[in-house]
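# Observations on the three-dimensional arrangement
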Amino acid sequence: VSDAVEGATRPSRRQVVVVGAGQAGLSIAACLQRRGIRPLVLEKHRIAHAWEQQRWESFCLVTPNWQCRLPEFPYDGPDPEGFMGRAEIVSYVRRFAERIGADVRVGVAVRRLKRQGAGYRMETAEGEIEAEQVVVATGGYHRPRRHPTAERLPRAVLQLDARDYRHPDQLPDGPVLVVGSGQSGCQIAEDLFLAGRRVHLSVGSAPRSPRRHRGKDVVDWLDRMGYYDLPIDQHPDPRAVRTKTNHYLTGRDGGRDIDLRRRALEGMGLHGRLREIGEGSIGFDAARGVRLDQADAVYSRIRASIDAHISREGLEAPPEPPYEPCWEPPPGHPTSLDLQAEPLAAVIWCTGYGADFSWIDVPVFDGSGMPAHQRGVTASAGLYFIGLPW
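Since the structure is predicted, the reported quantities are computational estimates derived from the model, not experimental observations.

Our next topic: the packing of aromatic side chains. Overall, the coordinates contain 10 aromatic pairs when judged by the stated rule. With centroids separated by 5.4 Å and ring planes inclined at 80 degrees, the aromatic side chains of Y227 and W390 adopt a geometry described as edge-to-face. With Y227 in the loop between α5 (218-224) and α6 (238-243) and W390 in the segment after β22 (383-385), this pair connects stretches of sequence that are 163 residues apart. On the accessibility criterion, W390 (36% relative accessible area) is partly exposed. Among the aromatic residues, those joined into a cluster by ring pairs are W51, W56 and F59. Above the plane of the ring of W51 lies R55, whose end atom (NZ or CZ) is 4.7 Å from the centre. Residue placement shows R208 over the ring face of Y323; its charged tip is 4.8 Å from the ring centre.

And the structure:
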């Protein structure tokens, strides 16, 4: 832990300050220290706070453990092909922090960052700090989003954002509506469904990924194909890849696909995108079948790209049959939930997060409120971002 920050009358001066002590902030600190630069790392909460406090109890990674490759600290556990759960992830990140011995100060929020001369000045919970250079490592998911008509739900219906859900017994008895079919939405809907709860899932435009294909985890194939080394300026659609919803799949039960059609066959209620909340009912659009088809098309394209790689490289891999849908939406399915006939116990909002960089008073943002940068480097000399999508 760093020395105490000096009082407001005389700002502390540092060469580099990193804001955020998650895996991104700790990683840049480790790399800087290897270059002989010892930054001060400021963390609003505790190290690995989001992993520990904003994930549900059965949460686990969707990428295999071997892909956890923090600088000079790769995964060293007994199950490289498995998927770490919440407690293991927290332990891994905190052990990394101990290993690098970075100058981390926890419980210190940065309230304002502004340009001052050739450097920057930060207002923090423990006084002002001046820095020649600043790395912002707070990620891009700060404010949970809800549907604009969420406030119209009856007061008796418990509303939670994905980051506040912990386990099925946390919710009152009765049906649950999960809104959003990205990774969090599908995994939380499954968590509830496997616990025997009546679950409705509002399906959005999230794509789907296979877990395994032709004898290997899909992440293994994509790694071998160089997908994770592809720089953003070589991607065919840079903006889309930075803003699109993550593919849904899971590391639960040793890792497997999430097939929403199979869950519907087993009794999960699937609906289209939430359209409106009215008096006594919730309305959805009629495009759930189209969105399931679109998700399955992405699933099949990923498999096809792996097939092409296997063929191109002349690799030996067991063949697999093409995907066949096991369920189709029946015609005439209602596009609303009657809250009188089936009162909901809870709604869990898994509709994504918005960025909040309002504390940064430096003109480096685009029209959407996200930093304009080239691989983390902004137009304001000495100000960098790390840990944003792609």
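With respect to the element layout, P238 can be found in helix α6. In this structure, the C-alpha to C-alpha distance between P238 and W51, residues 187 residues apart in sequence, is 27 Å.

Residues L26, V178, I188, L192, L260 and L270 are the most contacted members of the largest nonpolar core, which totals 58 residues. At seven residues, helix α3 (residues 86-100) tops the list of elements feeding residues into this core. Excluding its chain neighbours within four sequence positions, the residues that come into contact with I188 are W56, A162, Y165, V178, I348 and C350. If you look at the next biggest cluster of nonpolar residues, it comprises 22 residues, including A131, F357, I360 and L383.

Analysis parameters
Residues numbered from 1 in each chain as written. Predicted model: local features only at pLDDT ≥ 70, side-chain atom pairs only at ≥ 80, totals over all residues. Heavy atoms only, no water. Phe/Tyr/Trp six-rings, centres within 6.5 Å; stacked < 30°, edge-to-face > 60°. Helix = DSSP H or I, 4+ residues; strand = E, 2+ residues; numbered from the N terminus. Buried < 20%, exposed > 50% of the residue type's maximum accessible area, 1.4 Å probe, protein only. Lys NZ or Arg CZ within 6 Å of the ring centre and 35° of its normal. Core = buried A, V, L, I, M, F, W, Y, C linked by side-chain atoms within 4.5 Å. Contact = heavy atoms within 4.5 Å.

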